[in-house]
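What the coordinates show
Listed below are the residues making up each chain.
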Amino acid sequence: MSFIKAANKSKKGATHEYVNEAYQRFPEEDEDDGYKISDTDDNDDDVSSDDTDTTTSNNDSAYQTISKTSSENAPCEQHRRKSTKNKLRTTNRWDVFRETSEDNVTSSELDFWNTIFKVTKVIFSIILFIFVLGASVISKSTLFLLTSNIFPPNSFRNTSLKTSHFHFRYQTSETAVTYIWSLVLVVIAPYFFTMIAKTWKLIFKKTRPLEWRPLLVAMLVETFHSVGISLFIFSVLPNLDPVAGALFCMNVAILPIVINVVYSGSEAGVIESSTERLIRRVLAFGALGSSLTSLAFWTYYVYDLDSDWQKDKPGLTIFTVISPILVSIYWWENFVPQGDESSTGLRKLKRQLRSRRTKVSAIMSLWKIVVTLCMVWIIFGVDCTDGIKCLQTMFDVTSNATLSSATFGHTNLVINVVVGTCSKYLPLFIAAVNIGSSYFCYRCCVSANKILAQIPSFSVPLILSTPVTLAIMIGEYSQSELKMTETCFLPFPRWNGDVEFDWSIIIASILGYVSIAMVTSYIWRQTKERMQREDRMFVQPMYCGILLDQSLILNRRKYEDNTKGLDEKEKLVELPIPDNLDDWQPGQDDWSPLRTNDTPFIYLCATMWHETENEMTQILKSLFRMDEDQCARRNLQLFFGIRDPDYYEFEAHIFFDDAFDYNGEEATANGYVKQLIRTIDVAVGSVHAHGMKIPPPTKIDTPYGGRLIWRLPGGNKMIAHLKDKAKIRHRKRWSQVMYMYYFLAHKLLSLGGNKERLKTIADNTFVLALDGDVDFQPAALKLLVDRMKRNPNVGAACGRIHPIGSGPMVWYQKFEYAVSHWLQKATEHTIGCVLCSPGCFSLFRGSSLMDDNVMRRYTTPPTEARHYVQYDQGEDRWLCTLLLQQGYRVEYCAASDALTYAPEGFYEFYNQRRRWTPSTMANILDLLMDFKNVTKRNNDISMLYIMYQMLLMVSSILTPGTIFLMVLGALNMAYPTLSLYWALAINLLPVGIFILLCYVAKGDTQLAYAAVLSTVYSLVMMLVIVGLLKQAADNGFCSVTTLFLCFVAGVFILAAFIHPQEFWCLLHGFLYFLAIPSMSMLLMLYSIGNLHVVSWGTRETPKPAAAPKPGEVKKQPEKKGAVQEWLQKLGLAEKAGKSDYMFSFGNLCRCVCCPSETKDTEDIKLRAILDRLDDMEARIIDSPESHQSTELESERHVHFSEASDLFEGSRERINPLFEEESTSNKPPPRHWINDKELMMGAVETIPEKETTFWHELIKTYLYPLEGDKKEQEKTQAELLELRNTVCLFFLLVNALFVVIVFSLQQVNADSGGSISIELPCANGNFGEAIEPISMAFTAVFGLLLLIQLFCMILHRMSTFLQICSITEIKLRRPKQLQAEEKEISVEKGLRLVRDMQGIKDDDTKSVVSEDLSISDDRSSVGTVEGEGKRDLWKKIANRRREQKFGTLSQNFVKNFKKLQRHMEDQEMGSTLHVNRGVGSVNNGGLGTVTEEDDQEDVQQLKSVKRKFNRFERKSIFTIVQMSRDPRLKQSILQRGNVVTSRWRRAALKAKLRAAAEQAANNGNKDTSDGKPKTKVSILDITRLAVADRDSNVPSPSESDDELVDQKSRL
C-alpha cells in the first residue's frame, strides 16, 4: 500500500531495539537532543543548563531517544523534537484548574489496613508464642506424668534413683499396662501422621522412583532411632524421677554435635572472615565438649544412685549412654551441608534421600511403628517370671503378671490402676492430650516460620520450654494433690522432706542445655522466604513424640537451599556495583545491569478495545504505580547497595484491537487510541504531581499495525501495540497469542546462552494478563510472584477480583464475586487446582506457557462448533485448562486484590454471562472427559477432585429445575387453595414463552422479556421469604428446609466475618437472594438458547449507517401494517417487510396465510460484493469520534452475516490493503504516524530481525482469515445444531427432574403423606415430613457447601498467614534515636528512596513577574474556614508557575546529592553543637525528645528536617541513622559518585560510539545531502575523561582487583 511504502521509505535507516532501558542515561547529563528544562534559579541543589531562555530541568535518560543514526526526514524530526520540548515545558498560565482521578482504594484506606495488619501480626505473634510455649509445656508435663507411673518403686526395688534420695512418694507400686500403651500411642502418633500424609501424596501425586541405597540407609537410621527411642522412653526415663528425666532429655544432640564439628566451615552463602570462622570452630568444639561432659555426669549419676546395680547389673547405665546416641542419629541429615551433583559421601546421600523423601518416609513410618511395637514386647515380655503371661496381660488376656528384669527393673503388671474415682481410661486421656498438644505445637511452629516470626514465636518458646516445665513441676510438688475433681486427682509423685541438691545433675543439666543451644544457634537466624513450605522448613517430617521441643529445633533446616533466603544480617558486605553498568549500551544491550538470570521479569500485558476514559485511567494509574515502585527498588540497590529480595523488572504493553479507521487508503488511529493518549496526562498527574506530563510517544510502523512507546517517569517503558485487523487477527485470544510468541519465542530465546540459563530465565519470566480497566497495587503483584517463587510447578496464579461500578447490577455482582471467591476458588485451590485464572488479573509463568501442548495448541483456530464456545468465548479458562492438562498448578491468592469494572446494565450483564456460562461448562467437561490423563499428568488433581467437579457439574445442570420447583413451592405455600397443577401451569407459562423466544426472537427481545420476568420473579421471591418464615414458625427447627437455609445463611455470615475487608458485601446478599430465579434459571436458559451466538457481548458499538452516495436518492421505507410492526417489535418478522407469511387488510380484509416465497432476483456474488462495498463505505463515514463509548452500552445483536470476522475459515481473506498498488502519479496518502492528535513524537522503525519475525508469525498463526459464504453457512448450521443438541439435553434433564419431584409431591399430597418420612422430632402438626428424592438432592447441595466451608476455612488460614508474612513490623517507634540501630532494612530504604524520588505538587519555580503572582498573604484569612481556601489559593499560585517536569530518577539524584552534602557536613563536623537543655525540647515537628536525649541528636534532626522538609518523619530518622554509621556514610559518599560517574560514562560512550559509526557509514558517501549528523564536542570528550576518572574510585564493596579488571576492559 502506498502510504506504508512512503512511511517505510521516510524511516529507512532508523533502528530501535526494545529493551528495558531504565538506566539509559545518567539523569543529569545535559545532552543536546534531550528533553531539557533550563534552570535560571541560583539554588545549588538544581542542575544548571547552558540554555538560559528556557525553563526546564534535565530529564531522565528514559525520555531520551536512543537511536542517533541519520534518516531522510531527520531535519523535520529535529524540528519535531524541539516543538515537543516546547509543548512539554509550557502551559497556559490561566489554565490553573485541575481535574483529578480519584483512586478506588485511597491511600488512607491502605494505611488503615496496613496498620491493622501490623497490629494483627504483633498480636498473632504473641498468641503463637503463648501457644507454642503452652503446648510444649503440656506435652512435656503429660509425658512425665505417664513415665512416672511405669516401674514405680516397690518392695523389691526401691532405689534412690527413682525417688531422688527417697524424696518422691508415688501413688502406686504397680505398673498399669494402660500407661504402657499410652506411651506407645505417644511415640507412634507422629509416625502415623507421617504415613497418612505421605500415602495420600503417593496415591494422588507422582514421585520419583525409589532407589535401594537411600532406602537401606534410611531403614538403618530409622531402626537405630526407633530402638533408641524405645530404650529411652520405656527403660531410662521410667527409672528416673520426673525432674531428672526432663533434664536428661537435653542430651539427645550428641551425633549432630559431632557432625557439626566435622563440617564446621563457613556456611553456604555466608561470607566470613578468618576470625569468624575460628570462632565458629571454637563454638563447635565447645558444644562437643559440653555434650560429652554432660553425658559423663549423667552416667555417673545413674551409676551412683542405683545401688541395686553397681557392678554386676550395669544394664541401665549402659542404656543411659547408648540411648541418647541412638536417638540423636535421626537428625544427622540436617547438619550435613547441602551438596551438588558432584558431591560424595554424606552429602551425596543427603541429596538422594531428599529427592525421594515421600516414598522413603511412607515406608519408614510403617517400619518404625513395627519396630516400636517389637521393642515394647521385648522390654515387657522377655524377663517375665510367668512365661508369656506378661504379654497376655499387655493384651488384656490375664489380669496381672510379674516382670523381673535385671536390666529394666522389677514390677507387677496389672490391667488398670484406678486413682480415686477417676476413669480407668485416664492414661489414654492423658495420652490424647499429649498427642493433641504436640501436634498443635507443631502446627503453631510451622505458622510462626511462615509469617517470618521464627525468633519470637518459635525459637524463644522452645528454648524456654524445658525451664518453664521444670518450674511448673517443682511448683506442683508443693501442693498436696493435683485434683481434677473432688475425688479424682492426677497420679503425679509428691515431694517429701527438705530441698536437696545434687551438684552432678545440676552441672550435667547446664552443660546439656548449653550444648544444645550452641549447636542450634542457627534458629536465631530469621529467613526471608515468606510462606516457606514445610519440606523447606524442616528436614524430617513431623516431630518426635517424646522429645517435642528438642526435635523441632534440631529438625529446623540449618542449610538453606537458596542463599537468598538467608537473613541479610549474615551478609555484612553491601550489594556490589554492577560490573556492566559502565559498559552497558542503551538501546543495544538486552540485559539491564541489575538483572540476573533469576530476577523476575514481568511483562504487563493489557488488552484494550472499547474502554471508556475512566476505565483507561485505572489501568494507566496501575502501570504508573508499578513504575514508581520498580524505580525505587532499582535506586535502592544502585545507590545504597541494599539488596532487595523482591526486586523485579517489567515492561508494560497495551494491545489495542481494531485500532485503525480507513478513509479510502488513508489510515488513522481511531478515537479510542486518541482517548488513551489524552488519558495518560490525567493518570500520571493522579499518581505523581498534578500537571506532570511525560514526553510524547515514539511512533513506529509495524507489520501488524503500529506501535507507540512512552517512557514512564521511573524509566520503564509502556508500549501500545495498535492492531490493524486488516493485517492481523483481532480479538483477545489472538492478542494473547501475539504477545506470548513475541515475548517468549522471539525476545527470550534471542538472549542466547546454554539451556540451563534459558530455562532459569524462562522460569523467572512472567506474563501478567490484564484487562483494559483493571486497578491494582504493586503489592498485589508481589504476592502473585511470591506464589510463583514458592512452587516452581505453579503455572498461573490469580488474585481476588473486586467488581466496581454503580447500580443494582454491580451490587449483585459484588456479592456474587465474593461468594465465588470465598467458597468456590478457595475450595479449588485447597483440594485441587483453580480451573480458571481470570484474564483481567492473572500471572502466568513463561516456562509453563512455552511447554508442549500449551502455547502451540492455544493458537488452534476453531474448526468445529464446540471450539467457538470453548476457545473464543472464554479464552482465559481454556488457557488454564491447557496448563492443567499439561501438569501445572493454578493457584488462587486471596490477599492479592484487583478491581475491575463490571457490567452496569442488565443487557450487558446477560450478554457477558451468555459468553461465560457455556465456556465454563465446555472447559470443565473437557477436563472431566480427559480425567485419566489429567490425573496422571497433574499431581494436584486427584480422583476426589474430579468427583467434586462432577457433582458441581450435575448440580449446575439441575439448578434451573431446582429453582423452578422452588418458585412452584412458593406459589403453593403462599396460596394454599391453589392446586399444584395450577401452580405448575402458572410458573411454566412464562418460562415456556422465554424458551420459545430464545429460539425465534432476536437478542434484544429476549433480554427485554428476561428483564420483565426477572422483576416479576423478584416479587415471587418475597413470597418465598414469607413462606420460609411461616414454615419456620410452624415447624421450628424440625424442618429440613429451615435447617438447610439456616446452614446456608450461616456459611455466608461466617465467610463474611473471616473476610473483614469484604464484610460489607454481605449487605448485597438480599439482592442476590431476590435475583436467584433470574440468574440461576433465566440466565442459564438464555445462555444455552443463544449458544450459536459468538459475538463478544460487551463494549460492542453498532456500525454506523452508511451515508447516501452523491446523487443517490434515499429510499423511503415501505409502509407497514400494524400486525407487521408488532411482529417486528417482538422480533418475529424481518424489518425489511418481507416474509413467507403475508398479512393484508385491504380489498375486503383479505388475509393470505399461505406461505409465499419472494424470489431473490439479485445475483449472490453481486450481493456479496455490494455488502463488502457497504462495509468499506461505512468505514469512510465512521469518524474517529464515533468510537467514543458511553457508560451504559447495550449490545447490538450481531447477525451472522455481519459477524463474518468472528469465524476462522480455511481460506485467506482477500484484502485490498495487501494488494500491490498500481503505478500512478497520485501523492501517497497520509500515514497514521503523521496524525497530529497522536502528538509529534519521534518516528522510528523496528529492526529487520523483528520485522521478519512479525511477518512469519502473522503468516503462520495470525493472518486474517475469512471463510467463504458456504463455509460460514456450514459453521452457522453446526452452531445451530450444537445449540439444539445441548438445549434438548438440558431441557430434557431438567424436565425429567421437575416431573419426578412434582409427581412425588402430588402423589404424596393425594395419599396423605404415604411416601414421605417424618422427622424424629415431628409431633402431630409440629414438624416436617421429607421426601427421599428431594432429601437426596438437598443432601448433595449441603455436602458440596460443607466441603466448600471447610476448604474456605483452611484457605483463609493460609491467606491470613500470607498477609502476616508480608507485613513488616518494628516494635520500636522512631520517637527516639537508638544508638544500637545501625542496620537499614529494605523497608526503611524503600521509604527513604520514595521520598527522595517523589515529585511533589509544589515542585515549581516561578517564571512570572511579581505583578502577575498571587499574593500568599495569610493575614487576610484568619478563620478555620480559611484554611481550605488558603490551601486552594496556594495550589493555584503554584500552578501559575511552571512545573519542573522531572523524572523520578532525576529527582532522586538531586536529593541524593543533597544527602551526600549532608554526610560531608557530618564528616567535617559542621553541625552546630549547643548546650544540653533541661526538660523537653521541640525538635521541629519530629516529636518531643526527652531530657535524656543528646542535644546533638536534636540539632541533627533539625538540620535534616530543614534540608529535607518534604520528607516523612520516618525518612528523617533513617537519614540520621545513616549518618551515625561510618560504613553507610562512607558508602553513600563514595558509592554514589562511582555509580553516577559510570552511568554518565556509559551515556557518553554510547554517544561517541554512535558518532563513530555514523562517520564510518558516511565515509564512502556524499555528506552534502543536508542530513544532520551526530555532533561530538570537546566538552563531551572532557566529560568522558572526567567520568572515566571518577568511576575508578573504589566503593566500599569493590576491591582493587575489580578496578584493575574494569580498567583492562576499558
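Provided above is the structure to which this section pertains.
1. A closer look at the sheet that holds strand β6 (residues 601-608)
On the basis of which strands lie adjacent, the open sheet formed by 11 strands has the order β14-β17-β15-β16-β13-β6-β7-β12-β11-β10-β18 and mixed pairing. Only two strands of the sheet have a single partner each, and these edge strands are β14 (775-776) and β18 (1243-1244). The sheet strands contacting helix α23 (residues 778-790) are β6, β13 (765-771), β14, β15 (794-804), β16 (841-845) and β17 (889-901), and the helix crosses β17 at an angle near 170°.

2. Overview of the environment of Val419
Relative to the elements of secondary structure, Val419 occurs in the loop between β4 (409-414) and α14 (426-450). Apart from the residues within four sequence positions on either side, Val419 is in contact with Thr487, Phe489 and Pro491.

3. So, the packing of helix α8 (residues 254-262) against helix α10 (residues 315-328)
Two elements in contact, α8 and α10, have axes whose closest approach is 6 Å; the angle formed by their N-to-C orientations is 60°. Put simply, α8 runs oblique to α10. Two secondary-structure elements touch here, α8 through Ile254, Leu255 and Pro256 and α10 through Pro324, Ile325 and Ser328. Partitioning the contact of α8 with α10 into residue classes produces five nonpolar, one polar and no charged.

4. Some details on the packing of aromatic side chains
In the structure shown here, the tally under the stated rule is 52 aromatic pairs. One aromatic cluster in this structure is built from Phe601, Tyr603, Phe655, Tyr704, Tyr739, Tyr742, Phe743, Phe1253 and Trp1254. In this structure, Arg733 is placed above the aromatic ring of Trp734, and the distance from its NZ or CZ to the ring centre is 4.2 Å. The aromatic ring of Tyr858 is capped on one face by Arg733, whose charged end is 5.9 Å from the ring centroid.

5. Thoughts on helix α40 (residues 1248-1262)
Residues of α40 that are buried: Glu1250, Phe1253, Trp1254, Leu1257, Ile1258, Tyr1261 and Leu1262. Projected onto a plane normal to the axis of α40, the buried residues spread over an arc of 125° and lie on a single side. Along α40, the residues that are exposed and aim more than 90 degrees away from the buried face are Glu1248, Lys1249, Lys1259 and Thr1260. In the core, the buried residues of α40 are packed alongside β11 (705-711), α21 (732-748) and α26 (855-858).

6. Observations concerning the pattern of salt bridges
Two side chains of opposite charge can pair, provided their charged atoms sit close to one another. A full pass over the atoms with the stated rule returns 26 salt bridges. Here the salt bridges share partners, and the residues they tie into one network are Asp629, Arg633, Asp644 and Arg1394.

7. Thoughts on the nonpolar core
For soluble globular proteins, the rule of thumb is that nonpolar side chains tend to be buried together. Residues Phe232, Phe234, Tyr301, Phe380, Ile546, Leu547 and Leu552 are the most contacted members of the largest nonpolar core, which totals 122 residues. When near neighbours in sequence (up to four residues on either side) are disregarded, Tyr301 contacts Leu161, Leu240, Asp241, Ala244, Asp502, Ser504 and Ile505.

The rules behind the values
- Residues numbered from 1 in each chain as written.
- Predicted model: local features only at pLDDT ≥ 70, side-chain atom pairs only at ≥ 80, totals over all residues.
- Heavy atoms only, no water.
- Pairing = 2+ DSSP bridges.
- Helix = DSSP H or I, 4+ residues; strand = E, 2+ residues; numbered from the N terminus.
- Contact = heavy atoms within 4.5 Å.
- Axes fitted to C-alpha atoms, helices over the stretch in contact; angles between N-to-C directions.
- Parallel < 35°, antiparallel > 145°, perpendicular 65-115°, else oblique.
- Nonpolar A, V, L, I, M, F, W, Y, C, P; charged D, E, K, R; others polar.
- Phe/Tyr/Trp six-rings, centres within 6.5 Å; stacked < 30°, edge-to-face > 60°.
- Lys NZ or Arg CZ within 6 Å of the ring centre and 35° of its normal.
- Buried < 20%, exposed > 50% of the residue type's maximum accessible area, 1.4 Å probe, protein only.
- Arc of directions from axis to C-beta.
- Salt bridge = Lys/Arg side-chain N within 4 Å of Asp/Glu carboxyl O.
- Core = buried A, V, L, I, M, F, W, Y, C linked by side-chain atoms within 4.5 Å.

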